[in-house]
Amino acid sequence: MTSFLKKAYRFLSPDAEKEEDGRDKWPSRAAFVLAAMGGAIGLGNMLRYPSVVFANNGVQWFIPYLIALFFLGIPILILEISIGQAYRGGAVVAFHGLNNRTKGIGLGVIMNGYVVATYYVPIISWIMRYFRSSFQSPLPWTGRGQEFYMGDVVRNPDPIPGAMSGNTVTSYVNYAARGMVGETVGWAAFIWFLVYLCMYKGVGVTGRAVYVTMGLPIIMMIILIGRSLSLPNAIDGVKLYFAEWHSDKLAGGDIWQAAVGQIFFSIGVGFGYFTSYASYNTKYANAVQDAFIIAFSNSLFEVLAGFAVFGVIGFLGYEPNQGVKLGTFTVGFLTYPLALSEMPGANVWAVLFFLTLALLGLSSAFALVESIVTMICDSSWGQRTSRTWISTGVILVSFCLSLIYCTEFGFYLLDAVDTWTNNLALIFVVWCEAVAVTSLYRYVDVTGQVGVAAYAIYNAGYVFAMVLGVAVAQSVTAEAGAGTGFGIYIVGACLSVALSKTPDSLAPSFWGKNSFLNKFWWLGFYSANQLCRDLNNVVAVGKNWSIPVVWGPILRYVSAPIMAVIFSFAYPAFYKVRNDPLHIFAFAVSHVVMIIIALGFIVPRAFDIFVPADKLHIGKPFYAPQVVVLGVLNGQQAAEAEANSQDTDEDRSRAVKGEKYGN
């Protein structure tokens, strides 16, 4: 019996295999993809997506949705997966590899994911309360959905409203009840224990767990879709989803903002787990193809899951033009449970639905925690400590932090923290990712070729164009903001080109045939282009997919401006709730993440404790214009790269023809 138990334990909780460099690696490519999908596919796909589509119903929804997928979601996802795999480390190590002053971005990414993890588990606790009640007949929320949700599950009394007189806060919202909700605490402890079991030994055990946490939800979702579409009048809901066309909605900004927000939040970039998970890949894994698989799987899941919800919407007779508004929690805890209570075999379908939600939430929860565990394990101290002990410590601290959301005001605190983490800190972090990697990567090459002044003016104009452009748009008009932004950028670009010295290394293709275009390429495209080439030197080996040449320009000139525009809506929104102490607290916490990023630029050495000693050198700049390297160089290799970068006349002639440097 003892021998059998040992074999079962080794099967369910195996030690991770090792890569050649000694780092743990996934047991298979499928395990990595499923784990990454588990992080991406969560409650937002099953609940948030249908609520957003309902407000913008019709086939026209998929136009901005697909544009956002290809120009925002996938480019950022490729970045996060590729740098984790190439630099063999979590977010801090990977961003340090790009530039030693971007470690703060890596830490900010991790902090975002960890903050979300602490309130994600209490949400799963509410789901488990519904799951427990699904075995009662009749279902206890029958005919009393709102009362059951707020009174029996959340158990948060209504706060005393505050008041504002004009621009002055006269009284603040008062949350009188401050006790703990016992059942929520108990379920939170149970969920955190499951999270621990899924990741305490690393990717070996996680690679086993994801087959359950992702495999079962996919099967159960298919069953739920079939049941929802078989309901009376379900076809009416499907027509709202896929058989109507409202071209007038495309002329408004709401549908575009909603589509960008959904892609951004559902894929899950900016939380750190993609970089952490990718760092356990084989170094020469097919990162770009994996990114596309994950992104398309995420979208396919939520598009199909939409049928499960819209079938129910048709069954209930909901119409957008009737003033019905759906939210994420409304769909999960009110709309769908109401429909379940009216179905034949209600208990069976309720168990399936809430078990699906719980497993989706669990797979996202341990992915969110993985980024901070990987960061600690990557540090010099962490390398001398057992991962099991590190995981134990992180889970215990996380449970303690999540208790604040298990209180009689926890629902309102959770809503506030979720709002400002997603709308402020997350947007800012991803904006910094897109800007930093396309501006600071191997910047020494740029300053050496065109001069420090030209480099500084161009990038200052680029950043201030976004900052001042959105500020003017918010305070005046969108047209004035666009004019301001483009005007600042054009003036900065022209001035920087005029002040630039002539590069002695020619740009590729037609850029190098003209002096002004050559200078502009160095200022506006070199960092992104070189990062693409250097990463391809690792992730595009053999028959692997390569990062396309348009990837860098999209990050710099499409993704980053979109993030700036979305970010600009946060501060006006906060102004409306500035009399709520919980929103003030959440707003301040989001700014802590922003301060961490700033400190990374100002005092980068303060973050060296998170980087192992043998990798501290990889973030140091070296001069080797257009020489393809990964960036993981020691001093001697950097000197060799710089020596090899000296162009001969023949090299320059070939460069004009695009033969040496490529695109």
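Residues numbered from 1 in each chain as written. Predicted model: local features only at pLDDT ≥ 70, side-chain atom pairs only at ≥ 80, totals over all residues. Heavy atoms only, no water.

A look at helix α10 (residues 215–229)
- With 15 residues, α10 ought to run about 21 Å at 1.5 Å a step, and its terminal C-alpha atoms sit 22 Å apart, in line with that.
- If you check which residues of α10 are buried, you get Pro-217, Met-220, Met-221, Leu-224, Ile-225, Arg-227 and Ser-228. Each buried residue of α10 sits inside an arc of 165 degrees when the element is viewed along its axis, so together they form one side. Turned more than 90 degrees from where α10 packs its buried face, Ile-219 and Ile-222 sit exposed. (Helix = DSSP H or I, 4+ residues; strand = E, 2+ residues; numbered from the N terminus. Expected span 1.5 Å × (residues − 1). Buried < 20%, exposed > 50% of the residue type's maximum accessible area, 1.4 Å probe, protein only. Arc of directions from axis to C-beta.)

What about the packing of aromatic side chains?
- In the structure shown here, the tally under the stated rule is 60 aromatic pairs.
- Seen in terms of ring centroids, Phe-574 and Phe-587 are 3.8 Å apart; in terms of plane orientation they differ by 5 degrees. Their pairing is stacked. One end of the pair, Phe-574, is in helix α26 (residues 570–575); the other, Phe-587, is in helix α27 (residues 581–602), with 13 residues separating them in the sequence. Neither Phe-574 nor Phe-587 differs from the other in exposure class; each is buried.
- Looking at Arg-556, its charged tip hangs above the ring of Tyr-462, at a distance of 4.1 Å from the centre.
- Over the ring of Tyr-575 we find Arg-578, and its NZ or CZ is 3.7 Å from the ring centre. (Phe/Tyr/Trp six-rings, centres within 6.5 Å; stacked < 30°, edge-to-face > 60°. Lys NZ or Arg CZ within 6 Å of the ring centre and 35° of its normal.)

Considerations on the pattern of salt bridges
- One pass over the full model with this rule turns up 13 salt bridges.
- Between Arg-132 and Glu-183 there is a salt bridge, and its shortest N-O distance comes to 2.8 Å. Taken together, the residues span a long stretch of sequence, with Arg-132 in helix α6 (residues 103–133) and Glu-183 in helix α8 (residues 182–199) at a distance of 51 residues.
- Take Arg-132: its relative accessible area is 35%, and that puts it in the partly exposed class.
- A salt bridge links Arg-442 to Asp-445; the nearest nitrogen and oxygen atoms lie 3.1 Å apart.
- Residue classification places Asp-445 among the buried positions, given a relative accessible area of 0%.
- Through salt bridges with shared partners, a single ionic network connects Arg-129, Arg-132, Arg-155 and Glu-183. (Salt bridge = Lys/Arg side-chain N within 4 Å of Asp/Glu carboxyl O.)

Quick notes on the nonpolar core
- Core analysis: the largest hydrophobic core is formed by 205 residues, its most contacted members being Met-46, Trp-61, Val-195, Phe-274, Phe-354 and Val-369.
- The element contributing the most residues to this core is helix α16 (residues 346–378), with 21 residues.
- Once residues within four sequence positions are removed from consideration, Met-46 is found in contact with Met-221, Leu-224, Phe-301, Ala-305, Val-309, Phe-353, Leu-357 and Leu-360.
- Grouped together as the second largest cluster of nonpolar side chains are 14 residues, Val-446, Tyr-455, Tyr-458 and Trp-511 included. (Core = buried A, V, L, I, M, F, W, Y, C linked by side-chain atoms within 4.5 Å. Contact = heavy atoms within 4.5 Å.)

Examining helix α15 (residues 328–341)
- Spanning 14 residues, α15 covers 19 Å between terminal C-alpha atoms, matching the ideal 20 Å at 1.5 Å per step.
- At Thr-335, α15 shows its largest kink, close to 25 degrees, and the proline Pro-337 lies no more than four residues downstream.
- Listed as buried for α15 are Val-331, Gly-332, Phe-333, Leu-334, Thr-335, Tyr-336, Pro-337, Ala-339, Leu-340 and Ser-341. (Bend = angle between axes of the 7 residues up to and from the residue.)

Description of unusual backbone geometry
- Cis geometry is found at the peptide bond from Ser-137 to Pro-138, where omega equals 0 degrees.
- You can see Pro-138 is positioned in the loop between α6 and α7 (145–154).
- Although it is not a glycine, Arg-155 sits at a positive phi angle of roughly 55 degrees.
- With respect to the helices, strands and loops of the structure, Arg-155 is situated in the loop between α7 and β3 (163–165).
- Take Arg-155: its relative accessible area is 34%, and that puts it in the partly exposed class.
- A positive phi angle, close to 55 degrees, is found at Ser-509, a residue other than glycine.
- Mapping Ser-509 onto the fold places it in the loop between α22 (478–499) and α23 (515–524).
- Of the residues examined, Ser-509 reaches a relative accessible area of 30% and is grouped as partly exposed.

Digging into the confidence of the model for the chain
- Looking at the chain, pLDDT values average 89 and 93% of them are 70 or higher.
- Across residues 631–639, confidence stays below pLDDT 50; counting only partners more than four residues off in sequence or on other chains, it has 14 contacts.
- When the criterion is pLDDT under 50, residues 645–663 qualifies, and its contacts beyond four places in sequence or with other chains add up to 33 contacts. (pLDDT = per-residue confidence, 0-100.)

Here we look at the environment of Leu-359
- Inspection of the secondary structure assignment puts Leu-359 in helix α16.
- Under the relative-accessibility criterion, Leu-359 is labelled buried at 12%.
- Sequence separation between Leu-359 and Phe-95 is 264 residues, and the spatial gap between their C-alpha atoms is 31 Å.
- Non-local contacts of Leu-359, meaning those with residues more than four positions away in its chain, are made with Val-212, Thr-213, Leu-216, Pro-217 and Met-220.

Overview of a nonpolar patch on the surface
- Taken together, the side chains of Val-59, Ile-63, Leu-66, Ile-67, Phe-70, Phe-71, Phe-242, Trp-245, Trp-256 and Phe-296 present a nonpolar region at the surface, about 870 Å² in accessible area.
- The element that contributes the greatest number of residues to the nonpolar patch is helix α4 (residues 62–87), accounting for five residues. (Patch = residues over 30% accessible without salt bridge, like charges linked within 9 Å, V, L, I, M, F, W, Y side chains within 5 Å. Areas by Shrake-Rupley, 256 points an atom, 1.4 Å probe, with all protein chains shown as cover.)

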